[in-house]
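The residues making up each chain are set out below.
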Amino acid sequence: MKLHFISIGGSVMHQLAIALKRKGYQITGSDDEIFEPSRTALEREGLLPAQMGWNADNIHPELDAVILGMHAKADNPELQKATELGLPIYSFPEYIYQESREKQRVIVGGSHGKTTTTSMIMHVLRQSGLPFDYLVGARLEGFDQSVNITDAPVIVCEGDEYPASTLEKRPKFHFLFPHIAVLTGIAWDHINVFPTFENYLDQFRIFLDKIEPGGSLVYNETDETLAALVDEHRRDDIVYMPYGVPRHEIAGGKTTIEIAGARGELKVFGAHNLLNLHAAWHVCRQLGVDAEQFVAAMSSFTGAAKRLELLAQNEETVVYRDFAHAPSKVKATVDAARQQFPGRKIIALLELHTFSSLNEQFMQEYRGALDGADEAAVFYSHHALELKRMPPLPKNAVVAGFGKSGLQVVNTRAEIEAWLQTQQFTNSVVLLMSSGNYDGLDVAAFAEKFKV
């Protein structure tokens, strides 16, 4: 196979290119800018373009297909020539499906928890010695890539609801056609793409229709919106597997679970992670893993990168970094810390970084999300608003939206550092929640002082 990647430097695109090269395919690619770590990874595999920029000469009739990244525009000269030549052009998820037509496809969707649930399934399958391919949206310990394509009989994919490419505006998870589908919950997000909640909800209705006949749907029955959607949209040709929080105990800052009589202590915690774990169990059971194997594997699962990732701890303070930014994710993270450490003070620093989270009309969706924290600050930069060409976001709109007494709103790194200096970290849990970088705040240096 001869494949050309337009926008090969993308965070997932470059990993697919590497995976397919390792499978034996002939891979070329182009991009106008490639940043780290993509640049070094591509260079190491001999896939880094010799020059940056687009060149129509990269596209020729001998190519079997062109794979189009999210950052490529409709007027891209390589894309235009591929169209003129009539070459097959695939978005990333469309090509993943082409490579997995003969595999058993496990697709994990939902507004929150899909990365962690996918990572849990991957961890268990690897610990159980079962071969599989995968696609996941975060770095996971023990896996050198977040994408792998081989001749394995199973593929496990995180199914994103964001558009597939500049040409294909439908959500990525509409192209993957699961045999085993997972839905973790539904909470309105990506309002720049789905301007109304009903429009967002429609994407999950369509996903349900994409499940292969004879397949199964594993879904979170504790999510009222999702449960109602499933009830109204039931099919008689798939099996439904509802799940909730499994039996567990919390003692001394440790969580122990019980699955089908098998018990084990976890390294992760929180009701949202227990829900993710229960979903993973329903999937792994269908793939031939028994309860003892599952619990033993989950006992060593430390989480995906930036998902309640432990940065530092000593006798008085624990510091976690989390990717949480959407309202449901923020609330789940704060509530998890409160449940796991009931006697400790919760100090939460949240960055608003995405289009939705920086939208004044969306602020009301955050009401109550930080209520479980004792001390809380929300940061967003004026630069982020400018980059997204968004209007100013008034501080009072943020305070009103969250509805939390004493909430601090800051807009610069200096203000973040000043706020942190006012905090008393004795007997506390610190939550650093962001999908950005806090305007360059040295998170590692902050956490270092709390290491034993």
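Rules behind the numbers
Residues numbered from 1 in each chain as written. Predicted model: local features only at pLDDT ≥ 70, side-chain atom pairs only at ≥ 80, totals over all residues. Heavy atoms only, no water. Helix = DSSP H or I, 4+ residues; strand = E, 2+ residues; numbered from the N terminus. Rg over C-alpha atoms; globule rule 2.2 N^0.38 Å. Buried < 20%, exposed > 50% of the residue type's maximum accessible area, 1.4 Å probe, protein only. Contact = heavy atoms within 4.5 Å. Areas by Shrake-Rupley, 256 points an atom, 1.4 Å probe, with all protein chains shown as cover. Lys, Arg positive; Asp, Glu negative; His and termini not counted. Charge placed at Lys NZ, Arg CZ, Asp CG, Glu CD. Pairing = 2+ DSSP bridges. Core = buried A, V, L, I, M, F, W, Y, C linked by side-chain atoms within 4.5 Å. Phe/Tyr/Trp six-rings, centres within 6.5 Å; stacked < 30°, edge-to-face > 60°. Lys NZ or Arg CZ within 6 Å of the ring centre and 35° of its normal. Right-handed = clockwise from strand over helix to strand, strands pointing away. Disulfide = S-S within 2.5 Å. Axes fitted to C-alpha atoms, helices over the stretch in contact; angles between N-to-C directions.

(A) The overall build of the protein chain, seen in detail. Of regular secondary structure, the protein chain possesses 14 helices and 20 strands. Taken over C-alpha atoms, the radius of gyration comes to 22 Å for the protein chain, in line with the 22 Å a tight globule of 452 residues would show. The proportion of buried residues among the 452 residues of the protein chain is 55%. Restricting the contact set of the protein chain to residue pairs at least 6 apart, pairs at least 24 apart contribute 68%. In the form shown here, the protein chain has an accessible surface area of approximately 19,300 Å², with 48% of it arising from carbon and sulfur atoms. Counting 42 positive and 57 negative side-chain charges, the protein chain places the averaged centre of each group 2 Å from the other.

(B) Representation of the sheet that holds strand 7 (residues 147–148). If you walk across this open sheet you meet the 7 strands as 7-6-8-5-9-10-11, and the pairing is mixed. Only two strands of the sheet have a single partner each, and these edge strands are strand 7 and strand 11 (239–243). For strand 9 (residues 180–183) and strand 10 (residues 216–220), the ladder comprises 4 bridges, and the chain directions are parallel. Among the inter-strand pairings, Ile180 is bridged to a residue of strand 10, identified as Ser216.

(C) Expanded view of the side chain of Asn276. You can see Asn276 is positioned in helix 8 (residues 271–286). In contact with Asn276, other than residues within four places in its own chain, are Gly113, Thr116, Thr117 and Met120.

(D) Examining the nonpolar core more closely. With 44 residues, the main nonpolar core has Leu3, Phe5, Leu16, Leu20, Ile96 and Leu217 as its most contacted residues. The contacts of Leu3, once residues within four sequence positions are left out, are Leu20, Tyr25, Gln26, Ile27, Thr28, Leu63, Ala65, Ile67 and Tyr95. Counting 40 residues, the second largest nonpolar core, distinct from the first, contains Phe132, Val156, Ile257 and Phe294.

(E) Structural detail: the packing of aromatic side chains. If you walk through the whole model with that rule in mind, you get 21 aromatic pairs. Pairing Phe173 with Phe207 gives two aromatic rings, centres 4.6 Å apart and planes at 5°, and the pair type is stacked. Of this pair, Phe173 sits in the loop between strand 8 (154–158) and strand 9 while Phe207 is found in helix 6 (residues 197–209), placing the two residues 34 residues apart along the sequence. There is no split in this pair, since Phe173 and Phe207 are both buried. Relative to Tyr240, the ring of Tyr219 has its centre 6.5 Å away and its plane inclined at 85°; by these criteria the two rings are edge-to-face. Of this pair, Tyr219 sits in strand 10 while Tyr240 sits in strand 11, and the two are 21 residues apart along the sequence. We classify Tyr219 as buried; its relative accessible area is 8%. Residue Tyr240 is classed as buried on the basis of its relative accessible area of 17%. A cation over a ring is seen here: Arg234 above Tyr240, with NZ or CZ 4.0 Å from the ring centre. Geometry around Phe323 places Arg307 over its ring, the cationic atom sitting 4.4 Å from the centre.

(F) Highlighting the pairing of strand 9. In strand 9, alternate side chains face the same way, and those of Ile180 and Val182 on one face and Ala181 and Leu183 on the other are all buried. With 4 bridges connecting them, strand 5 (residues 104–109) and strand 9 associate as parallel partners. By the bridge assignment for strand 9, Val108 is matched with Val182. Crossover connection from strand 9 via helix 6 to parallel strand 10: handedness right-handed.

(G) Main features of the environment of Glu316. Mapped onto the elements, Glu316 comes out in the loop between strand 15 (309–313) and strand 16 (317–322). Distance in space between the C-alpha atoms of Glu316 and Glu33 is 44 Å, their sequence separation being 283 residues. The residues touching Glu316, leaving out its near neighbours within four places in the chain, are Arg344, Phe425, Thr426, Asn427 and Ser428.

(H) Region of the structure containing the state of the cysteines. For the structure on display, the rule yields 0 disulfides. Cys284 carries a free sulfur, and the closest cysteine sulfur to it, the one in Cys157, is 15 Å from it. On the accessibility criterion, Cys284 (0% relative accessible area) is buried.

(I) Fine view of the sheet that holds strand 14 (residues 262–266). Read across the open sheet, the 3 strands follow the order 12-13-14; overall the sheet is antiparallel. At either end of the open sheet lies a strand with only one pairing partner, and these are strand 12 (248–251) and strand 14. Strand-to-strand, the axes of this sheet are offset by a mean angle of 20°, without reference to chain direction. Two elements, strand 13 (residues 254–259) and strand 14, share 5 bridges in a ladder whose sense is antiparallel. Among the inter-strand pairings, Glu258 is bridged to a residue of strand 14, identified as Arg263. Where helix 8 meets the sheet, its contacts fall on strand 12, strand 13 and strand 14, and the angle it forms with strand 13 comes to roughly 30°. Packed on one face of the sheet, helix 9 (residues 291–298) meets strand 13 and strand 14 and runs near 10° to strand 14.

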